[in-house]
Each structure stands twice: as structure tokens, then as C-alpha cells.
Amino acid sequence: PLVTKVHMEVIRNARANNDIILIGHEGHPEVEGTMGRHIKNESSNIYLVQDEKEAKNIVIDKPEQLAIVTQTTLSVDDTKSIIDILKTRFPKINIPKKDDICYATQNRQAAVKAIAPECEVVIVVGSGNSSNSVRLAEVAVEAGAKSSYRVDGADELQEAWFENATTIGLTSGASVPEILVQDVIA
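Quantities reported herein were computed from a predicted structural model and do not represent experimental measurements.

(A) Focus on the overall build of the protein. In terms of regular secondary structure, the protein is built from seven helices and six strands. Sequence-ordered secondary structure for the protein, helices as α and strands as β, is α-β-α-β-α-β-α-α-β-α-β-β-α. With the principal axes as the frame, the protein shows a C-alpha extent of 60 × 30 × 25 Å. Considering only contacts within the protein whose residues lie at least 6 apart along the sequence, 79% involve residues at least 24 apart. Taken as a whole, the protein presents about 9900 Å² of accessible surface, with 52% of it coming from carbon and sulfur. Averaged over its 19 positive side-chain charges, the protein has a centre that lies 11 Å from the centre of its 27 negative ones.

(B) Up close: the pattern of salt bridges. Under the criterion given, the structure shown has six salt bridges. Arginine 12 serves as the salt-bridge partner of glutamate 9, at 2.9 Å between the closest nitrogen and oxygen. With glutamate 9 and arginine 12 both in helix H1 (residues 2–15), this residue pair falls three residues apart, about one helical turn. The class for arginine 12 is partly exposed, based on a relative accessible area of 42%. Residue glutamate 138 pairs with arginine 135 through a salt bridge whose shortest N-O separation is 3.1 Å. Residue glutamate 138 and its partner arginine 135 are located together in helix H6 (residues 131–142), separated by three residues, close to a single helical turn. Given a relative accessible area of 39%, glutamate 138 falls into the partly exposed group. Classification of arginine 135 as buried rests on a relative accessible area of 6%.

(C) Representation of unusual backbone geometry within the structure. Phi is positive for asparagine 17, close to 65°, though the residue is something other than glycine. Position of asparagine 17 relative to the elements: it lies in the loop between H1 and strand E1 (19–23). A positive phi angle, close to 65°, is found at asparagine 164, a residue other than glycine. The residue asparagine 164 is located in the loop between strand E5 (147–151) and strand E6 (168–172) in this model.

(D) Seen up close, the sheet that holds E6. Within the open sheet, the three strands sit side by side as E5-E4-E6. Their pairing is parallel. For this open sheet the edge positions go to E5 and E6, each flanked by a neighbour on one side alone. For this sheet, the mean inter-axis angle between neighbouring strands, taken without regard to orientation, is 20°. Strand contacts of H6: strand E4 (121–125), E5 and E6, with the helix running at about 170° to E5, the strand carrying the most contacts.

(E) Local environment of the sheet that holds strand E2 (residues 46–49). Taken in spatial order, the three strands line up as E2-E1-E3 in an open sheet, and their pairing is parallel. Each end of this open sheet is capped by a strand with a single partner; those strands are E2 and strand E3 (66–70). Across the sheet, the mean angle from the axis of one strand to that of its neighbour is 25°, orientation sign disregarded. Relative to E2, E1 runs parallel, the two being bridged by four bridges. When the bridges of E2 are listed, leucine 22 appears paired with leucine 48.

(F) Fine view of the nonpolar core. Judged by nonpolar contacts, the single largest core of 15 residues is most densely connected at Ile21, Ile23, Ile58, Ile60, Leu86, Phe90 and Ile93. For this core, the element with the highest residue contribution is helix H4 (residues 76–89), accounting for four residues. Apart from the residues within four sequence positions on either side, isoleucine 60 is in contact with Asp19, Ile21, Tyr47, Leu66 and Phe90. In terms of nonpolar packing, the next biggest core, distinct from the first, is built from 10 residues, Ala116, Cys119, Val124 and Ala140 among them.

About the cut-offs
- Residues numbered from 1 in each chain as written.
- Predicted model: local features only at pLDDT ≥ 70, side-chain atom pairs only at ≥ 80, totals over all residues.
- Heavy atoms only, no water.
- Helix = DSSP H or I, 4+ residues; strand = E, 2+ residues; numbered from the N terminus.
- Contact = heavy atoms within 4.5 Å.
- Areas by Shrake-Rupley, 256 points an atom, 1.4 Å probe, with all protein chains shown as cover.
- Lys, Arg positive; Asp, Glu negative; His and termini not counted.
- Charge placed at Lys NZ, Arg CZ, Asp CG, Glu CD.
- Salt bridge = Lys/Arg side-chain N within 4 Å of Asp/Glu carboxyl O.
- Buried < 20%, exposed > 50% of the residue type's maximum accessible area, 1.4 Å probe, protein only.
- Pairing = 2+ DSSP bridges.
- Axes fitted to C-alpha atoms, helices over the stretch in contact; angles between N-to-C directions.
- Core = buried A, V, L, I, M, F, W, Y, C linked by side-chain atoms within 4.5 Å.

Below you can see the structure in the form of C-alpha cells.
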């Protein structure tokens with residue numbers, strides 16, 4: 001439902017002749033799909049912003065008619081900082097009324113932030129092309145874990161990662177089958 005909501009926001013803003021900033025990661029299937037929903041016309045452009053640097057440097061054709069949409073699996077913290085930069089640069093920017101970050105993503109990131117300071121190692125089960133899984137591994141280290149590894153499954157675990165570790169955290173991407181997590185636990 002959130003992805004559909006984001007797609008509808010893109011269509012609505014394009015029909016209103018607003019330029020659109022999509023906050024997300026290039027190459028992510030959700031970003032590609034959302035950009036593909038943009039109605040190509042002479043009065044509306046869609047721009048991809050991936051990080052704070054791009055937010056600080058992006059040049060927009062119509063800064064007075066500008067809207068933001070976000071990839072639903074992005075980091076809550078990253079999205080907020082990018083939006084803050086864009087709001088400062090473009091005070092009239094239209095921001096969706098409801099949060100477009102997936103609750104599963106928010107909850108997992110919050111949980112990782114809570115456990116990471118206590119962990120020597122955090123393992124994230126999830127695909128390498130899942131921005132939410134990749135981001136969880138980054139969040140773990142940013143929040144205080146000594147190391148973090150993203151794996152597709154138990155067969156990718158390496159004994160060297162756990163040498164001298166007394167506390168290991170485990171999480172998974174939002175759409176990871178439970179059986180993969182159970183295999184890692186075993």
C-alpha cells in the first residue's frame with residue numbers, strides 16, 4: 001500500500017505540473033518503479049536525491065512548484081536529514097502529510113539502534129539488493145556495534161566474525177522469509 005501511495009503522489013504532482021524530488025537509491029527496484037510512474041510532460045520533472053550532498057547541490061527547474069516523495073524502505077534518519085536540507089533550500093516544497101517510510105523498516109532500525117551498543121557483531125539477514133537490509137547493517141555500526149555483516153543466509157556466515165564476540169545481534173530485512181532467520185540462528 002505504501003508503494004502505491006508513493007506512485008499516486010508522483011502521478012498527482014506531475015499532473016499538477018510540479019517538479020518532484022524522489023528521495024531514494026538509484027537502481028533500487030522501488031525507485032525505478034516510482035520514477036517510471038512519472039507522467040512525462042513539458043511542465044514536470046522528476047529528480048532523484050540519494051544523500052545529503054545531492055540535496056545540497058541539486059538544481060531544480062521550478063523551485064516554487066516542488067514536491068517530495070520518498071522510497072518507503074529508506075532509513076528514517078537519512079530521509080529526515082535530506083528533507084530538512086531540502087526544506088531549507090526550497091521553503092515552498094510540498095511534503096506529503098503522512099510518513100512514507102515503511103513501519104517494518106522503522107521498527108527494525110529502531111531495534112537495531114537499541115541493541116547495537118551492546119553487540120560486538122550484528123548479523124543482518126537479507127538480500128544485497130535490499131536497501132533496507134543493507135541500511136540495517138550500516139545502522140548497526142553507526143549505533144555502536146563493533147561490526148556488522150549482511151548475509152543472504154546461514155551459508156555465508158564466517159567463523160572469524162565471531163572470534164572473541166560475547167554478544168551477537170541478529171535482525172533481518174522486512175521481507176526476509178522466517179526460515180532464513182531460523183537457519184542463521186541454528
